[in-house]
Each structure stands twice: as C-alpha cells, then as structure tokens.
Amino acid sequence: MCSRQSTMASSGPAPRLRYHNKVVIVTGGTKGIGEAIVRIFANNGASVVFCSKEETASDLEDELKSSGTGTAIYVSCDVTKEEEIKRLIGVTVKAYGKIDCLINNAGWHPPEQIIDDTSAQEFQDLLNLNLIGYFLTAKYALPHLRKTQGNIINISSLVGIIGQKHAIPYVATKGAVTAMTKAMAVDESQYNVRVNSISPGNIWTPLWKELASHSTDPNAMILQGNDAQLLGRMGTVEECANAALFLAAEGTFCTGIDILLTGGAELNYANKNQQKSGISTFDL
Ligand SMILES: NC(=O)c1ccc[n+]([C@@H]2O[C@H](COP(=O)([O-])OP(=O)(O)OC[C@H]3O[C@@H](n4cnc5c(N)ncnc54)[C@H](O)[C@@H]3O)[C@@H](O)[C@H]2O)c1
C-alpha cells in the first residue's frame, strides 16, 4: 500500500509548462535577477535568448540546453550600443522566427555618490545603460512583438518611487523606466502589446554584494538592507523571476502596471534622521 502510494506520487502529471513554445529575450541574463528569469522561462518551455556584454555566458547556456524543457541561446550584446541591440533582435528572429516577450533587466547601481562628486558624463552613461538601453531594445523588438501580441517587462526599482540616499542618477533612471513603461503601454495597447514593470526592493544578487563590498562596513550595510523590509529580509532572485513569469504568462489583463516586489519596504514610518542631532521636539 505504502509503496504503491509513493509510486503514484512520483509518476504524477508532469508540471504544466507556463510559457511553452514562446520566445523570450532577457537582457543581462548571466547573473542575479536576469539569470533567475532565464532559468524560470527555459524551465517553463520557452526559447530564451539572453545577453550580457561579456563574450561568453560561462556554463549557463550549456546547462539549460541539457536540462531545461525549453532552450537558451547566449548572445554577447552591450545594451548601451544600438548596433549590438539590433543584432540581438536579429539573431533571435533568425533562430526562432518570432518574439513573444522582452525582459529589459540589464542595469547597474553605482556605489554611493553625492551630487558634488557626480559628473554629467557619469549621469549620461548610466542613463544610456538603465534607460536608453531599455528604450532601444523595446524599439527594435516591438515590430515583432506586435505580430505576436506579446509583452514587455521592464525591471525598474522601488527607489524610482521613494528615492534613495546618495543615488541621484540611479533613482532618476529607474523613475524614468517606470514612467516610460506606462507611456509605452498606452501607445502599444492598439496592437495588444502589454508593457509592465517590476520594481524590486532589496534583492540579494551579485550587484548587492558588490555594493556592500564598497561600503566601510559591509556587514552593517547588509543588516540595514535586510531591515528595510517589513518581512525582515531581502527578496530572492527566484521571487523576481516568479513575478516576471506571472506577468508574461498569466497577467493577460495587466498593462502599464508596476509590481512593487518589496517585502513592504515602502510601508510604515522608520528612523530617517539618525545622523541629525538636535531634532526639534514638541511640548506634549
Ligand atoms: N538587486 C537589487 O536589489 C535590485 C533592486 C531593484 C532593481 N534592481 C535592478 O534589477 C536589474 C538586475 O540587477 P541585479 O541585482 O541582478 O544585477 P547584477 O549585477 O547581479 O546583474 C546584472 C546583469 O546585467 C548585465 N549587464 C550589465 N551591464 C550590461 C550591459 N551594458 N549590456 C548588457 N548586459 C549588461 C550583467 O552582465 C548581468 O548579467 C537591474 O536593472 C537593477 O537595477 C536590482
């Protein structure tokens, strides 16, 4: 009886593939949030084309080819270069004949910087990566997305809405990504193309680790990073990937929305003035 039950459990129906036979592009798919997105889409039956600016994607492409239910192709593409973006789209359409979903994720958060030490060139370089890169990839993918009535998912950030200390250019680029998402959703609705964004709070990734390593006290910074959420921890890359798959596969009535994937980081009052002395008080 026991052994029969366990046999039945292990030979149950295969898990449903939520994005079977769909073609997905993920920018910045070799690390962190992007890598988890590549994995979840490939494991749900999609053909994924992913990029970074490096020559190769280490073992990820081979791993997904041999184990995934979908397929994955790596293309070297620096999303700050328009010609390379055109090539990324061209390679995808040549390989798979269509595009169903574009996930703009490649981005960077510079170490803490104050306005006095920030040059216009640094600001422009970050705009090129975090904003214009998303715009151009969307621009060249859209003719194909319109044919499939596909969708775009832009990875933005909570700080684009609530701000962040010592991060003016980064906050500005992400605020613009969230706003651009809505404008694009308006224009593309006539083609039934949906455009949405995800605004993560603190997510533990190689980028977060790198930022902490630049701080004078990395452990304290990580503790603060955990404490910023009501849930008392950072989010995981898998939680981001789940949100992206939901938007692509099941969120068929969502367009122009921004998913705050934040563990409640934007809620409640918090200590915001630790460094100020002599904060004024009122007589009770
Ligand atoms: N980690 C967080 O806490 C957090 C929070 C909010 C938003 N985000 C956003 O999520 C996205 C991914 O962040 P992450 O933490 O996974 O970063 P990460 O540094 O771990 O990974 C970034 C990926 O982008 C690629 N990339 C960087 N520059 C590129 C370029 N010029 N061309 C092509 N690819 C490039 C990298 O190779 C890598 O694959 C970014 O847009 C980031 O701003 C992250």
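Shown above is the structure to which this text applies.
Residues numbered from 1 in each chain as written. Predicted model: local features only at pLDDT ≥ 70, side-chain atom pairs only at ≥ 80, totals over all residues. Heavy atoms only, no water.

Overview of the site of the ligand
We apply this condition: Note on definitions. A residue lies near a molecule or strand when any single heavy atom of the residue is within 4 Å of it. Any pair of nitrogen or oxygen atoms within 3.5 Å is treated as a polar contact; in protein, a donor-acceptor pairing is required on top of that, and neighbouring residues in sequence qualify only through side-chain atoms on both sides. Areas reported as accessible are Shrake-Rupley estimates using a 1.4 Å probe. Residue values count occlusion only from the protein chains shown. Per the convention used, a helix needs a DSSP run of H or I reaching at least four residues, while a strand needs a run of E reaching at least two, with both numbered from the N terminus. For this classification, the nonpolar set comprises Ala, Val, Leu, Ile, Met, Phe, Trp, Tyr, Cys and Pro, the charged set comprises Asp, Glu, Lys and Arg, and every other residue, Gly included, is treated as polar.
Close to the ligand lie 30 residues, the nearest being Thr 30, Asn 105, Tyr 170, Ile 203 and Thr 205. Thr 30 places a side-chain nitrogen or oxygen 2.8 Å from an oxygen atom of the ligand. Coverage of the ligand by the protein amounts to 94% of the 830 Å² it exposes when considered alone. Elements that contribute at least two residues to the shell around the ligand include exactly helix 2 (32–42), helix 5 (120–148), helix 7 (168–188) and helix 8 (206–213). With three residues, helix 8 is the single largest residue contributor to the shell around the ligand. Taken together, the residues that form the shell around the ligand break down as 13 nonpolar, 12 polar and five charged.

Comments concerning the environment of Gly 107
Inclusion rule: In this description, contact between two residues means that some pair of their heavy atoms is separated by no more than 4.5 Å.
Relative to the helices and strands, Gly 107 resides in the loop between strand 4 (101–104) and helix 5. Residues Gly 107 and Glu 210, 103 residues apart in the sequence, show an inter-C-alpha distance of 14 Å. Leaving out residues up to four positions away in the same chain, Gly 107 has contacts with Leu 129 and Asn 130.

Observations regarding the nonpolar core
How we decide: Buried residues of nine kinds, namely Ala, Val, Leu, Ile, Met, Phe, Trp, Tyr and Cys, make up a nonpolar core once their side-chain atoms join them within 4.5 Å. With a 1.4 Å probe rolled over the protein chains alone, any residue whose accessible area is under 20% of its type maximum counts as buried; one over 50% counts as exposed, and the rest are partly exposed.
The biggest cluster of nonpolar side chains holds 62 residues, and the ones touching the most others in it are Ile 37, Phe 41, Ile 103 and Ile 153. The element that contributes the greatest number of residues to this core is helix 5, accounting for nine residues.

Notes on the side chain of Gln 229
Relative to the helices and strands, Gln 229 resides in the loop between helix 9 (218–227) and helix 10 (237–250). Classification of Gln 229 as buried rests on a relative accessible area of 5%. The residues touching Gln 229, leaving out its near neighbours within four places in the chain, are Asn 202, Met 234, Thr 262, Gly 263 and Ala 265.

A look at the sheet that holds strand 4
Inclusion rule: A pair of strands is labelled paired if DSSP reports no fewer than 2 bridges between them. To get an axis, a line is fitted to the C-alpha atoms, and for a helix only the part in contact is used. The angle between two axes follows their N-to-C directions and goes from 0 to 180 degrees.
Strand order in the open sheet formed by seven strands is 3-2-1-4-5-6-7, with parallel pairing between adjacent strands. Strand pairing shows two members of the sheet lacking a second neighbour, strand 3 (71–76) and strand 7 (258–261), which therefore form its edges. Within the sheet, the average angular offset between the axes of one strand and its neighbour, ignoring direction, is 15°. Bridge analysis of strand 6 (residues 194–200) against strand 7 gives four bridges, and the strand direction is parallel. Among the inter-strand pairings, Ile 198 is bridged to a residue of strand 7, identified as Ile 259. In the packing of helix 10 onto the sheet, the strands contacted are strand 4, strand 5 (151–155), strand 6 and strand 7, and the crossing angle to strand 6 comes to about 165°.

Observations concerning the packing of aromatic side chains
Convention followed: A pair of aromatic rings is counted whenever rings of Phe, Tyr or Trp (Trp by its six-membered ring) have centres within 6.5 Å, and the orientation is called stacked for planes under 30 degrees apart, edge-to-face for over 60 and tilted otherwise. Cation placement over rings: the criterion is NZ of Lys or CZ of Arg within 6 Å of the ring centroid and within 35° of the ring normal.
The full count for this structure, using the stated rule, is three aromatic pairs. One cation-aromatic arrangement involves Arg 146 over Tyr 191; the distance from NZ or CZ to the ring centre is 4.5 Å.

Remarks on the pairing of strand 4
Going residue by residue along strand 4, you find Cys 101 and Ile 103 tucked away on one face and Leu 102 and Asn 104 tucked away on the opposite face as well. Relative to strand 4, strand 1 (residues 23–27) runs parallel, the two being bridged by three bridges. What sits directly across from Val 26, in strand 4, is Ile 103. In the sheet, strand 4 pairs with strand 5 via four bridges, with the strands oriented parallel. Opposite Ile 103, over in strand 5, you have Ile 153 as the bridge partner.

As for the state of the cysteines
Every disulfide links exactly two cysteines, by a covalent bond between their sulfur atoms. Selection criterion: Cysteine sulfur atoms are paired as a disulfide whenever they come within 2.5 Å of each other.
Counted according to the given criterion, the structure contains zero disulfides. Cys 77 takes part in no disulfide bond, and the closest cysteine sulfur, belonging to Cys 51, lies 4.4 Å away. Judged by its relative accessible area of 1%, Cys 77 is buried. There is no disulfide at Cys 240, and the cysteine sulfur nearest it, in Cys 101, is 15 Å away.

So, the environment of Gln 224
Along the chain, Gln 224 turns up in helix 9. For the pair Gln 224 and Met 234, spaced 10 residues apart in sequence, the C-alpha to C-alpha distance is 10.0 Å.

With respect to the pattern of salt bridges
Inclusion rule: Here, a salt bridge means any Lys or Arg side-chain nitrogen found within 4 Å of an Asp or Glu carboxyl oxygen.
Taken as a whole and judged by the stated rule, the model has nine salt bridges. Residue Glu 250 pairs with Arg 16 through a salt bridge whose shortest N-O separation is 3.6 Å. Within this pair, whereas Glu 250 is found in helix 10, its partner Arg 16 is found in the loop between helix 1 (2–10) and strand 1, the two being separated by 234 residues in sequence. With a relative accessible area of 30%, Glu 250 lands in the partly exposed category. The closest approach of N and O atoms between Glu 35 and Arg 39, which form a salt bridge, is 2.6 Å. Taken together, the residues span about one helical turn, with Glu 35 and Arg 39 both in helix 2 at a distance of four residues. One network of salt bridges, with partners in common, ties together Arg 16, Arg 18 and Glu 250.

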